[in-house]
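Now for the letters of each chain:
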Amino acid sequence: MRKPHADTLRTVGPDKKANLRRMNAEARLAADVHVFEPHRTGLPPVGPYLRQLWNRREFALELARANLRAQHYNTTFGQVWLILNPLLLAGVYFTLVTIVRGGSRGSDFFAHLMLCLFAFRLVSTSVGEGARSVISGGRLILNVAFPRTLLPLASVMTAFMRFLPTMAVYAVLHVALGLPIDLELLWAIPLIGLTLVFATGAAMIAATAQVYFRDLTNFLPYVTRVWLYTSPVLYYADEIPARLQPILQANPLYPLLAGLSETVNQGQSLNPEYLAAGAAWAFGTLLVGALFFVSREREFAVRL
Amino acid sequence: MLSASDDRAVVSEALDGQPQDHAVRVQNLSVTYRTTIEKRPTLRRTLVRLGRRQRVVREIRAVQNVSFDVAHRTVLGIIGVNGAGKSTLMRTVAGILPPNEGRIEVHGRISTLLALGIGFKSELSGRDNVILGGLAAGLTREQLAAKYEEIAEFAELGSFMDSPMRTYSAGMYGRLAFSVAVHMEPDILLVDEALSVGDARFKHKSFDKMRELCAQARTIFVVSHALQSLQTLCNEIIWMHDGEIALRGEPGEVIERYRRFLDVGDKDIALEED
């Protein structure tokens, strides 16, 4: 990196030149000093931590991409599975609901089911991958010092990369069914954004919990399934009888999924309560998840 | 590209032969872990223990009140019996384990070869793992792209670089890990128990590479049980015992005392070397 200074160096005398070089060199060395001390509060200094996190963002992105590549390595359909998987899943659930309902479900409902199922999968994939992220990063954790938050973050990115093509599938269906195309559709952006915030917090909680309780990933598929059934995915939110409403209300994903279905799928205006409750759940979970994860992450190297 | 070692040369030149600054300074370092006593926790034992209100954690004082300075250009060997705290010390210097007490100051960029850290995702290719490891260590994509060919060539893996790492042999793993660690342009290289990776020929090559790094004014920490190798490679040795520094000094002397402590003859050492 000597080149940018070349002009400056030429215009000053030899003494100053040496001086400048020395100052540059000192500055570079000083920038590379690390001090490791005990953290008294259990949390590392927030500023430097966030800076490191930002500096290594490429790592999370690359890890997310690599995970995606590895998932369908060696299959005939390869990346086509990114579309095929959610389509098949939506088909299976639609068949189930149609039979249970005695055939009363129309194509509009199929669009609702698809939209909400894909948004739900964004969260459940983040949590599932997140739970494994720290454990499977064991070797890297034992060998390199970096903010461990990058590992669950990469899981959320993987989940999001799998989510994006499903949105394209939904868009095609939306247009094909002649569902309303208006400004209400734009609510999808903040609602999915909040879903991502929630997913990040939940992934960090799952990643930390898995280190201490290795049975978690065994329970997780069942927890996820019950969570799906208590979310307004296989039915519309307003179809639930009043006495079961409390169960729905306790579900962090309820406001986000209901909001998504009503605005994007049904073309209604957004109920502000959904937005407020969704945002509260999302940022609350992120805060809890981040504190839980970051306060424990220095222990991971000993626990793996 | 200027590495920090060039910078250091410039700085020391300018300081007119004043003594060089230290690369690593460890002050009153103590590291204590808490681990569970049970190797395989079972539900039954957990319930029994909960009933009796027993505690399961045990404190291990892996490093106790250790202080030392290491000057730039030093090749420091660390020896000691298993469980002496060598690996813990290395991990703490690398910033992987937090110290419980004391302070560590590290001047320069660290590269580690501790637990064969490369290949942490065995379903990914060697290429992916090299890039991921490098990015995690804080290198930029451009730096990695510039280094990649050199890394692949040094590891001699050929087309295996694009195969999933689960298809690699142990030697191939080791070669790639070593190649990555030494090509990261570290100012300080930490190597743990990885002196003899690959076959005899590659071992030679890795030794040469380490000497080359020393010549470039890098600082190297090596943990090993291969005493003869350490004697030729290092210019200083720390002998650790029970988490403390038992002896520090010139390689010949420390190794001699350590051998006497272990009570093994030269014949056994020679066997250990391979």
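Residues numbered from 1 in each chain as written. Chains lettered and ligands numbered in written order. Predicted model: local features only at pLDDT ≥ 70, side-chain atom pairs only at ≥ 80, totals over all residues.

Regarding the overall build of chain A
Summing up its helical and strand segments, chain A has 14 helices and one strand in all. Looking at chain A residue by residue over its 304 residues, the buried ones come to 36%. Taking all contacts inside chain A whose residues are at least 6 apart in sequence as the whole, residues at least 24 apart take part in 80%. (Helix = DSSP H or I, 4+ residues; strand = E, 2+ residues; numbered from the N terminus. Buried ≥ 20, exposed ≤ 12 C-beta atoms within 10 Å, placed from the backbone. Contact = placed C-beta atoms within 7 Å.)

What to know about the overall build of chain B
Counting its secondary structure elements, chain B contains 10 helices and nine strands. Sorting the 274 residues of chain B into buried and exposed places 43% on the buried side. For chain B, restricting intrachain contacts to residue pairs at least 6 apart in sequence, the fraction spanning at least 24 positions comes to 74%.

Remarks on the domain arrangement of chain B
Residues and elements named next belong to chain B. Under the domain assignment, chain B is made up of domain 1 (26-108 + 187-274) and domain 2 (118-185). Contact residues are listed per partner, giving nine residues for domain 1 and six residues for domain 2. Ranked by residues supplied to the side of domain 1 that touches domain 2, first place goes to helix α7 (residues 200-215) with four residues. Of the residues in the side of domain 1 that touches domain 2, the class split is five nonpolar, two polar and two charged. (Domains from an automatic or database assignment. Nonpolar A, V, L, I, M, F, W, Y, C, P; charged D, E, K, R; others polar.)

Side note on helix α4 (residues 57-71) of chain A
Within an α-helix, residues lying three or four positions from one another point in the same direction, as the helix has 3.6 residues per turn. A rise of 1.5 Å per residue sets the reference length of α4(A), with its 15 residues, at 21 Å; its end C-alpha atoms lie 22 Å apart and thus fit the reference within 8%. Looking at the packing, one finds that the buried side of α4(A) touches α8 (150-176) of chain A together with α4 (126-136) of chain B. (Expected span 1.5 Å × (residues − 1).)

Quick notes on unusual backbone geometry
Among all residues save glycine, negative phi is the norm, and among peptide bonds the norm is trans. Backbone geometry places B:E156, a non-glycine residue, at a positive phi of 55°. Counting through the fold element by element, B:E156 comes out in the loop between α5 (141-155) and α6 (170-183).

Here's the deal with the nonpolar core
With 135 residues, the main nonpolar core has A:L257, B:L190 and B:V222 as its most contacted residues. For this core, the leading source of residues is helix α6 (residues 107-136) of chain A, giving 14 residues. A:L257 has contacts with A:C116, A:A119, A:F120, A:S231, A:P232 and A:V233, leaving out every residue within four places of it along the chain. (Core = buried A, V, L, I, M, F, W, Y, C linked by C-beta atoms within 7 Å.)

Overview of helix α2 (residues 43-52) of chain B
Across the 10 residues of α2(B), zero count as buried, placing the element largely on the outside. Once α2(B) finishes, B:R53 follows within two positions and takes phi at roughly 55°, a positive value.

Considering the environment of A:L228
All names here are of chain A. By the element assignment, L228 lies in helix α10 (residues 216-229). According to the C-beta neighbour criterion, L228 is partly exposed, with 18 such atoms within 10 Å. Separated by 104 residues in the primary sequence, L228 and S124 place their C-alpha atoms 9.0 Å from one another.

What about the packing of α4(A) against α4(B)?
Look at α4(A) against α4(B): their axes get within 8 Å of each other, and the N-to-C directions meet at 155°. As the angle between them shows, α4(A) and α4(B) are arranged roughly antiparallel. As α4(A) packs across α4(B), the resulting crossing turns out to be left-handed. Contact residues: α4(A) offers A:E58, A:F59, A:E62, A:L63 and A:A66, while α4(B) offers B:D128, B:I131, B:L132, B:L135 and B:A136. (Axes fitted to C-alpha atoms, helices over the stretch in contact; angles between N-to-C directions. Parallel < 35°, antiparallel > 145°, perpendicular 65-115°, else oblique. Left-handed = near helix turned anticlockwise from the far one by under 90°.)

Let's talk about the confidence of the model for chain B
All names here are of chain B. Within chain B, residue pLDDT values average 79, and 82% of them lie at 70 or more. Looking over chain B, one finds the lowest element-wise mean pLDDT in helix α1 (residues 4-14), namely 46, and the highest in strand β8 (residues 236-241), namely 92. A low-confidence stretch, residues 1-20 stays under pLDDT 50, and its non-local contacts, those more than four residues away or across chains, total 34 contacts. For the stretch residues 267-274, pLDDT sits under 50, and the model shows eight contacts to residues farther than four places along the chain or on other chains. Across the interface, the model reports ipTM at 0.76; the global pTM reads 0.82. (pLDDT = per-residue confidence, 0-100.)

Focus on the sheet that holds β8(B)
Residues and elements named next belong to chain B. The sheet built from six strands is open, its strands ordered β5-β6-β7-β3-β8-β9 with mixed pairing. Of all strands in the sheet, those bounded by a partner on one side alone are β5 (110-113) and β9 (244-249). For this sheet, the mean inter-axis angle between neighbouring strands, taken without regard to orientation, is 15°. Pairing geometry for strand β3 (residues 75-79) and strand β7 (residues 219-223), over four bridges, is parallel. (Pairing = 2+ DSSP bridges.)

Overview of the packing of helix α5 (residues 81-100) of chain A against α6(A)
All names here are of chain A. At a closest axis distance of 10 Å, the pairing of α5 and α6 adopts a crossing angle of 125°. Here α6 runs oblique to α5, going by the angle between their axes. Where α5 crosses over α6, the two elements pack in a sense that is right-handed. Residues P86, L89, A90, Y93 and F94 of α5 pack against F110, L113, M114, L117, F118 and R121 of α6.

With respect to the confidence of the model for chain A
Residue and element names in this part refer to chain A. When pLDDT is averaged along chain A, the result is 85, and 88% of the positions lie at 70 or above. Within chain A, the element-level pLDDT minimum falls on helix α1 (residues 6-11), averaging 39, and the maximum on helix α9 (residues 188-212), averaging 95. Here residues 1-13 is modelled with pLDDT under 50, and outside its nearest four sequence neighbours on either side it reaches nine contacts, counting other chains as well.

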